[in-house]
Amino acid sequence: METETMKEVGKICIPGMRLSSSDKGHLAGPGTYELKGYIYSMLTGVLKTEEDEERKATRICVVSPRTPSVLPVTGDIVTAKVTVVNSRQVNCIILCVGPSPLVRPYRGILKKEDIKFTDKDRIDPYKCFRPGDIILARVLPMTEIHWYHLSTAENELGVVIATAEGSPQGISMVPISWSEMQCPKTLAKEPRKVARVIPENINQALFPVDSKEPQKENGIGNK
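Because the structure is predicted, anything quoted here is derived from the model rather than measured. (Residues numbered from 1 in each chain as written. Predicted model: local features only at pLDDT ≥ 70, side-chain atom pairs only at ≥ 80, totals over all residues. Heavy atoms only, no water.)

Trainee: Quick one: what's the story with the pairing of strand β7 (residues 57-63), residue by residue and with numbers?
Mentor: Counting buried positions along β7 gives six out of seven residues, so the element sits mostly inside the fold. Looking at chain direction, strand β3 (residues 26-28) and β7 are connected through three bridges and run parallel. Its bridge partner lying in β7, Ala 28 is registered against Ile 60. Inspection of the sheet shows strand β6 (residues 45-52) paired to β7 by seven bridges, in the antiparallel sense. (Buried < 20%, exposed > 50% of the residue type's maximum accessible area, 1.4 Å probe, protein only. Helix = DSSP H or I, 4+ residues; strand = E, 2+ residues; numbered from the N terminus. Pairing = 2+ DSSP bridges.)

As C-alpha cells, then:
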C-alpha cells in the first residue's frame, strides 16, 4: 500500500476527505472511518490527533461543534435495538456505547456470518434475533460510511432483552439456554442468540435487565 502523509492537524475536513493511511501507526478515531487502507473524515470539522499508548499509535479524529460526545469506535461494545431481520443480515440502531447513551442513534448492520463463531453457513438470523430485541454487539472496522458493522460472535454478546410474541407488554423473556428464551407469564419459548450479560456494558437506566444470566444448574454450559 502506498503510504500517505497525514493531513495537517487543525485542518478543516469535510465528509469523505482522505486524511491518512491506515497502518500500525495510524488508527481511525471518532469522526472518521477506515476504508481500503485509508482513513477518511465522516464529519465536517477540525482534524485532531490522540496518542494511543496501549497500541503505540496515533488516533486520527475529526471534531465538530455538532459531534456527539460519544461515537462508536472499532472494538467498542454497543447496545442496539433490532429493527429488521432477513435471511442474510440483521439491521439495528445503535443507542449506547458501553454505558453511555448516544446523542442520536446510528445505523448498524449485523451480517449472518458475524452472528456466531461456529456453523456460520447454517445460521438462521430469524432463530437468533427478532425486531425489537435489545442486543449487545461489538463494533467491527467500517467498510461503509453510512453503517456500523457489528458482531455478536462472542459468548458475552447477543440478545439481552426480548419480548415473546403475544406476551404482555413490558414482560421480558428470561434465558433458559444459550439459544432459547421464555416468557415467565405465558411460558412461550422463542429461539435467540442469548448473551452472557456484561452489566457494565449496558445502560441500566435505559434498559433495566431484570433477568439473570443463564446458570449452569439450568443445564447451560459454554456455547
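Trainee: I'd like a rundown of the sheet that holds strand β14 (residues 174-177), residues and numbers included.
Mentor: The strand order across the open sheet formed by three strands is β14-β15-β16, and the pairing between neighbours is antiparallel. Edge positions in the open sheet fall to β14 and β16 (189-191), since each of these has one partner strand only. Direction aside, neighbouring strands of the sheet carry axes that sit 35° apart on average. Of the strand pairs in this sheet, β14 and strand β15 (residues 180-182) are connected by three bridges, and their pairing is antiparallel. Looking at β15, one finds that Val 174 is bridged to Gln 182. (Axes fitted to C-alpha atoms, helices over the stretch in contact; angles between N-to-C directions.)

Trainee: Tell me about the nonpolar core, and please be specific about residues and values.
Mentor: Val 78, Ile 94, Phe 129, Ile 135, Tyr 148 and Leu 150 are the most contacted members of the largest nonpolar core, which totals 42 residues. Grouped together as the second largest cluster of nonpolar side chains are eight residues, Ile 134, Ile 161, Ala 195 and Val 197 included. (Core = buried A, V, L, I, M, F, W, Y, C linked by side-chain atoms within 4.5 Å.)

Trainee: Lay out the packing of aromatic side chains in plain terms, naming residues and giving numbers.
Mentor: Summed over all chains, the structure comprises two aromatic pairs. Their ring planes at 20° and their centres at 5.5 Å tell us that Tyr 33 and Tyr 40 sit as a pair that is stacked. Comparing Tyr 33 with Tyr 40 shows no difference in burial state: the two are buried. Ring centres 5.8 Å apart and planes at 90° place the aromatic pair Tyr 106 and Tyr 148 in the edge-to-face group. With Tyr 106 in strand β10 (residues 100-111) and Tyr 148 in strand β12 (residues 148-151), the pair connects residues that are 42 residues apart, well separated along the chain. A single burial state applies to Tyr 106 and to Tyr 148, both of which are buried. Positioned above the aromatic ring of Trp 147, the side-chain terminus of Arg 107 is 4.4 Å from the ring centre. (Phe/Tyr/Trp six-rings, centres within 6.5 Å; stacked < 30°, edge-to-face > 60°. Lys NZ or Arg CZ within 6 Å of the ring centre and 35° of its normal.)

Trainee: Help me get a handle on the pattern of salt bridges, residues and values and all.
Mentor: Under the defined criterion, the tally for this structure stands at seven salt bridges. Between Asp 119 and Arg 122 there is a salt bridge; the shortest N-O distance is 2.7 Å. With a closest N to O distance of 3.5 Å, Arg 130 and Glu 190 form a salt bridge. Residue Arg 130 is located in the loop between β10 and β11 (134-139), and its partner Glu 190 is located in strand β16; the two are separated by 60 residues in the primary sequence. Look at Arg 130 and you get partly exposed, because its relative accessible area is 28%. In the salt-bridge network here, residues are joined through shared partners; they are Arg 130, Asp 133, Glu 190 and Arg 192. (Salt bridge = Lys/Arg side-chain N within 4 Å of Asp/Glu carboxyl O.)

Treat this as a map of the structure, not an account of what it does.
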